[in-house]
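Fold and contact review
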Amino acid sequence: MKLMSLVLFLGAAHWRCHGLQLHWKSSPLQRSADPSRKIRRRSALLAGTMGAALPSYAIDVVVVGSANTDLTTYVARMPRPGETVQGQRFCMNFGGKGANQAVAARLVGAEVAFVAKLGSDSFGDTYLSHLQRLDVDTSCVLRTDEASTGTAPILVDESGENCVVVVPGANALLSAADIADSSGQISAAKVLICQGEVPLDATLAALRLAHQKGLVTILNPAPATPEMQQRIVELMPFCSIVCPNETELALLTGLPVDTMDEVEAAAAKLEDMGCSTVLVTLGSRGAFVTSKSLEIKLRVTAPKVDNVVNTVGAGDAFCGALAAHLSQESCVKGGEAAELPPDVLEACIERACFYASLSVQADGAQESYTDGARLPREFALRVQGRRPTDQ
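Worth saying up front: this structure is predicted, and the values here are computed from it rather than measured.

A sheet is described by the order of its strands in space; here four strands give the open sequence β5-β4-β8-β9, paired in mixed fashion. Each edge of the open sheet carries a strand with a single partner, namely β5 (87-95) and β9 (162-164). Across the sheet, the axes of successive neighbouring strands diverge by a mean angle of 20 degrees, strand direction being ignored. Along the sheet, helix α4 (residues 122-133) makes contact with β4 (68-75), β5 and β8 (150-156), crossing β5 at roughly 60 degrees.

So, in structure tokens, the structure goes:
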């Protein structure tokens with residue numbers, strides 16, 4: 001009853017910052033009423049209280065990863081040790097690479113399940129309600145009394161310099177056993193996304209299970225921690241696509257990536273570790289993909305953006321959109337190994353680049369993601385039995 005009361009209270013609102021106060025504002029991404037969605041949401045709520053159950057509807061994308069509450073305070077200057085300064089404004093936002101990617105895939109239009117761990121606290125309650133409002137399947141979002149929900153207190157001064165303290169909290173408690181308990185949701189999906197913000201044992205277990213079940217598996221090796229660098233060879237054989245940015249590619253391979261020739265050489269080294277396809281995001285320059293199995297090596301350009309506001313979460317927008325579009329291709333069925341034709345992969349990358357380019361034109365991560373119904377037809381999700389919304 002407590003959870004249901006909280007869901008009713010939060011409704012369709014989300015956090016916005018204004019001065020030093022927090023205000024609720026109706027979400028511009030609110031979806032139209034759909035009885036089937038209400039049934040699915042209620043099923044997810046019930047499953048969350050009684051343990052994970054097999055989903056009663058198709059899952060396109062399953063994301064295993066982190067959820068953080070970002071606590072950002074803006075100040076004129078950074079405080080010195082022992083000093084107290086007055087803040088100018090405060091924002092509380094939903095973050096964490098796993099949740100960002102799950103929300104991006106959901107907003108693009110895919111049916112999404114999220115496997116994660118939150119604390120049994122108010123931050124966890126609010127995050128869970130946020131995901132459920134977006135119709136993300138949360139039946140495998142676990143709660144724990146042993147740690148708080150992941151948080152990231154952030155200070156930003158007038159020059160744009162920032163200081164961040166990441167407290168993993170419950171994210172650090174997601175285990176391989178939790179992945180086994182979530183096998184129903186994972187096995188029912190078509191595409192899996194993992195990152196590096198939860199324990200690698202859990203990530204490895206998810207990738208291995210999804211690979212065995214024939215899912216397309218995407219690893220976004222971010223952040224490229226020392227442990228990720230040491231264990232990347234363990235993960236690669238279970239990855240259909242590994243998707244680092246240039247910095248992560250350099251850290252994982254120990255090679256320079258200052259020129260495109262160097263990016264290609266480093267990507268080839270990562271591919272030699274056992275991954276089927278290496279997809280390197282290049283920011284405003286788009287992406288580079290190489291695959292010996294698909295016999296491709298190509299550049300995909302990104303749309304030119306003149307009004308870049310904030311690049312936070314753009315990589316997550318790319319990964320979520322990529323997974324959503326891949327899940328709708330006829331060659332990606334789930335339950336059997338998918339062979340991705342090069343032209344299909346290229347088209348999905350182009351759509352993901354476009355979606356990420358939209359996200360950099362607004363503040364925040366999830367707050368900057370565009371609802372799929374607002375996308376131009378050529379970049380909208382191709383869902384069977386439903387046409388993209390006309391613009």
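Additional details are given in the paragraphs that follow.
Attention shifts here to the packing of helix α9 (residues 246-253) against helix α10 (residues 260-272). Where α9 meets α10, the axes come as close as 10 Å, and the angle between the chain directions of the two elements is 55 degrees. It follows from the interaxial angle that α9 and α10 lie oblique. Crossing geometry of α9 relative to α10 is assigned as left-handed. Across from E246, L249, L252 and T253 in α9, the residues of α10 making contact are V263, A266, A267, K269 and L270. Among the residues forming the contact of α9 with α10, the class breakdown is six nonpolar, one polar and two charged.

The geometry of two aromatic rings is summed up by the distance between their centres and the angle between their planes. A full pass over the atoms with the stated rule returns three aromatic pairs. The positively charged end of R89 is found above the aromatic ring belonging to Y74, 3.9 Å away from the centroid.

Our focus in this paragraph is the pattern of salt bridges. Within this structure, the stated rule accounts for 14 salt bridges. A salt bridge links K190 to D60; its shortest N-O distance comes to 3.7 Å. Of this pair, K190 sits in the loop between α6 (183-188) and β10 (191-194) while D60 sits in the loop between α2 (35-50) and β3 (61-64), and the two are 130 residues apart along the sequence. Classification of D60 by relative accessible area gives buried; the value is 9%. A salt bridge links K297 to E264; the nearest nitrogen and oxygen atoms lie 3.9 Å apart.

Procedures and definitions
Residues numbered from 1 in each chain as written. Predicted model: local features only at pLDDT ≥ 70, side-chain atom pairs only at ≥ 80, totals over all residues. Heavy atoms only, no water. Pairing = 2+ DSSP bridges. Helix = DSSP H or I, 4+ residues; strand = E, 2+ residues; numbered from the N terminus. Axes fitted to C-alpha atoms, helices over the stretch in contact; angles between N-to-C directions. Contact = heavy atoms within 4.5 Å. Parallel < 35°, antiparallel > 145°, perpendicular 65-115°, else oblique. Left-handed = near helix turned anticlockwise from the far one by under 90°. Nonpolar A, V, L, I, M, F, W, Y, C, P; charged D, E, K, R; others polar. Phe/Tyr/Trp six-rings, centres within 6.5 Å; stacked < 30°, edge-to-face > 60°. Lys NZ or Arg CZ within 6 Å of the ring centre and 35° of its normal. Salt bridge = Lys/Arg side-chain N within 4 Å of Asp/Glu carboxyl O. Buried < 20%, exposed > 50% of the residue type's maximum accessible area, 1.4 Å probe, protein only.

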